[in-house]
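# Secondary and tertiary structure notes
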Amino acid sequence: MPRFDLTIAGEINLDLILYGVPEELPRERELLADGMMLTLGGSSAIMAHNLAALGSRVGFQSRIGDDQFGEIALQPLRQSGVDVSRVRQTAGAVKTGLTVILQREGWRNMVTYAGTIAELTWDDLDFEYLTDSRHFHISSFYLQSGLRARVPELFRKMKAAGLTTSLDTNDDPDDGWEGGLDEALRYVDIFLPNEREAQKAARANDLETAVQKLSAIVPLVVVKMGSEGAMAQRGGERLVSAARKVEFVDAVGAGDSFDSGFLHEYLQGGDLAACLAAGNLAGAFSTTRPGGIEAFRDASYRKGFLEEHRLQK
Ligand SMILES: Nc1ncnc2c1ncn2[C@@H]1O[C@H](COP(=O)(O)OP(=O)(O)O)[C@@H](O)[C@H]1O
Ligand SMILES: [Mg+2]
């Protein structure tokens, strides 16, 4: 029996979320926010945290800076049970990454200082550790510029070691959607884009064409559709699943939380419909509190919510 259910090599940063900021940002003015949250960010870190909170055994390889933000980020990961023994500190000028999010009514501005996100490279990877698992996941393909060129090789190695694999690219800040993505997808069992990312990755102008093109390469394509829920294409088979109605605060980390719910159910042996429902439930749950992990880190709130929705394992 492998040590972990899922291992992940990826990024840890912090999210600073400001609420109630004016629509326009004039120069040289003192502007006021009426709420804030400093919390764990990074698609990989949110996914790892929430997956461990659901009960999966998670091993995480990453880099943080030699600074207080790195320490702040590690606390909730440890608390949720993620193994952080392979998280290394980078000494020097490069600091733990930070994303500043200005949450608006129904949309948001985001500015990221990538920091140590780009410091994780192939030479950091402990393959004995990463392969001591049933499944391997990569998030934020385009932010991981130190690792990206060798991600296809990494997935190939994981598959050769008998693991199943999944990828959530998230957005490409350059919007070019290249850098070896097509090659990486050849070794991916489950691809988890949102609607826009699916179309960009497939170089298609509509979702239907995108899903057809992607599912010719990847055995299971799962497209996240915000408040519309999600759909899955497995060969010729299509499943759709509606979003859960909840009291919405923000969508920070909703996609990463969806991934954790979906993969937790998948690793428990659930069928595709159950995986989609669990993804939608986890995504919706994350939107009920600020940021990506705040709902999940509150154990009694989490248990109550999941029990109410009868998906608690
Ligand atoms: N307003 C919402 N109400 C309920 N569920 C939501 C809402 N927004 C997002 N979700 C859930 O979170 C998932 C991921 O959100 P989405 O915005 O599509 O992904 P991403 O964050 O990657 O862009 C959705 O598939 C859905 O399950
Ligand atoms: Mg996403």
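Everything numeric here is computed off the predicted structure, so don't read it as measured data.

Rules used throughout
- Residues numbered from 1 in each chain as written.
- Chains lettered and ligands numbered in written order.
- Predicted model: local features only at pLDDT ≥ 70, side-chain atom pairs only at ≥ 80, totals over all residues.
- Heavy atoms only, no water.
- Near = heavy atom within 4 Å.
- Polar contact = N/O pair within 3.5 Å; in protein donor to acceptor, adjacent residues only side chain to side chain.
- Areas by Shrake-Rupley, 256 points an atom, 1.4 Å probe, with all protein chains shown as cover.
- Helix = DSSP H or I, 4+ residues; strand = E, 2+ residues; numbered from the N terminus.
- Nonpolar A, V, L, I, M, F, W, Y, C, P; charged D, E, K, R; others polar.
- Pairing = 2+ DSSP bridges.
- Axes fitted to C-alpha atoms, helices over the stretch in contact; angles between N-to-C directions.
- Contact = heavy atoms within 4.5 Å.
- Core = buried A, V, L, I, M, F, W, Y, C linked by side-chain atoms within 4.5 Å.
- Buried < 20%, exposed > 50% of the residue type's maximum accessible area, 1.4 Å probe, protein only.
- Expected span 1.5 Å × (residues − 1).
- Salt bridge = Lys/Arg side-chain N within 4 Å of Asp/Glu carboxyl O.
- Patch = residues over 30% accessible without salt bridge, like charges linked within 9 Å, V, L, I, M, F, W, Y side chains within 5 Å.
- Phe/Tyr/Trp six-rings, centres within 6.5 Å; stacked < 30°, edge-to-face > 60°.
- Lys NZ or Arg CZ within 6 Å of the ring centre and 35° of its normal.

### Quick word on the site of ligand 1
Asn194, Gly226, Gly229, Arg244 and Asn280 are the nearest of the 15 residues found near ligand 1. Contact between ligand 1 and Asn194: an oxygen atom at 2.9 Å from a side-chain N or O atom of the residue. Considered on its own, ligand 1 offers 550 Å² of accessible surface; in the complex 85% of this is hidden by protein. Mapped by element, the contributors of at least two residues to the shell around ligand 1 are helix H8 (254-267) and helix H9 (272-286). Counted by class, the shell around ligand 1 contains six nonpolar, seven polar and two charged residues.

### A few points about the sheet that holds strand E7 (residues 108-113)
Taking strand neighbours across the sheet as the criterion, the four strands line up as E3-E2-E6-E7 in an open arrangement whose pairing is mixed. Edge positions in the open sheet fall to strand E3 (35-41) and E7, since each of these has one partner strand only. Strand-to-strand twist across the sheet, computed as the mean angle between neighbouring axes with direction ignored, equals 15 degrees. Sheet topology note: the strand E2 (residues 13-19)/strand E6 (residues 97-103) ladder contains seven bridges and is parallel. Directly across from Leu16, in E6, lies its bridge partner Val100. Each of E2 and E3 is contacted by helix H1 (residues 43-54), which is oriented at about 80 degrees to E3, the strand it contacts most.

### Notes on the side chain of Ser44
Mapped onto the fold, Ser44 is located in helix H1. Looking at Ser44, its side chain comes within polar contact range of the side chain of Glu11, at 2.4 Å. Leave out the neighbours within four places in its chain, and Ser44 touches Ile8, Gly10, Glu11, Phe60, Ser139 and Gln144.

### A look at the nonpolar core
With 39 residues, the main nonpolar core has Phe136, Leu154, Phe155 and Leu167 as its most contacted residues. Listed by contribution, the elements that provide at least two residues to this core are strand E1 (4-9), helix H3 (127-130), strand E8 (133-139), helix H4 (151-160), helix H5 (181-185), helix H6 (195-202), helix H7 (207-215) and strand E11 (220-224). If we skip the residues at most four places from it in the chain, Phe155 touches Phe136, Ile138, Thr165, Ser166, Leu167, Ala184, Tyr187 and Val188.

### Quick word on H8
Taking 1.5 Å of rise per residue, 14 residues should cover 20 Å, and H8 covers 20 Å from first to last C-alpha, within 8% of that figure. Of all 14 residues in H8, twelve are buried, a share of seventy percent or more. Directly beyond the C-terminal end of H8, a positive phi value near 90 degrees is found at Gly269.

### Some remarks on the environment of Ala216
In this fold, Ala216 is placed in the loop between H7 and E11. A C-alpha to C-alpha distance of 34 Å links Ala216 and Ile293, two positions 77 residues apart in sequence.

### Side note on the pattern of salt bridges
Between side chains of opposite charge, a pair can form as their charged atoms come close. Inspection of the entire model under this criterion finds 19 salt bridges. When the shortest N-O distance is used, the salt bridge between Arg63 and Asp124 registers 2.8 Å. With Arg63 in strand E4 (residues 58-65) and Asp124 in the loop between E7 and H3, this residue pair connects regions lying 61 residues apart in the sequence. Take Arg63 and Asp124: they sit in the same class, and that class is buried. As a salt-bridge pair, Asp175 and Lys200 come within 3.3 Å of each other at their nearest N and O atoms. Remark: Lys200 occurs in helix H6 and Asp175 occurs in the loop between strand E9 (164-168) and H5; sequence separation between them is 25 residues.

### Structural notes on a nonpolar patch on the surface
Taken together, the side chains of Met36, Leu38, Phe69 and Ile72 present a nonpolar region at the surface, about 340 Å² in accessible area. Those elements that provide at least two residues to the nonpolar patch are E3 and helix H2 (68-80). Inspection of the secondary structure assignment puts Phe69 in helix H2.

### As for the packing of aromatic side chains
By the definition in use, this model includes ten aromatic pairs. Plain terms: the ring middles of Tyr142 and Trp177 are 5.2 Å apart, the flat faces sit at 70 degrees to each other, and that makes the pair edge-to-face. One end of the pair, Tyr142, is in the loop between E8 and H4; the other, Trp177, is in the loop between E9 and H5, and 35 residues separate them in sequence. For the pair Tyr142 and Trp177, one class covers both residues: buried. Between the aromatic rings of Phe285 and Phe305, the centroid separation amounts to 4.5 Å while the plane-to-plane angle is 35 degrees, which identifies the pairing as tilted. With a gap of 20 residues between them, Phe285 in helix H9 and Phe305 in helix H11 (residues 299-308) connect regions that are remote in the sequence. Accessibility expressed as a relative area gives 9% for Phe305, which makes it buried. In this structure an aromatic cluster arises from ring pairing among Phe285, Phe296, Tyr301 and Phe305. A cation sits over an aromatic face here: Lys157 above Phe127, 4.3 Å from the ring centre.

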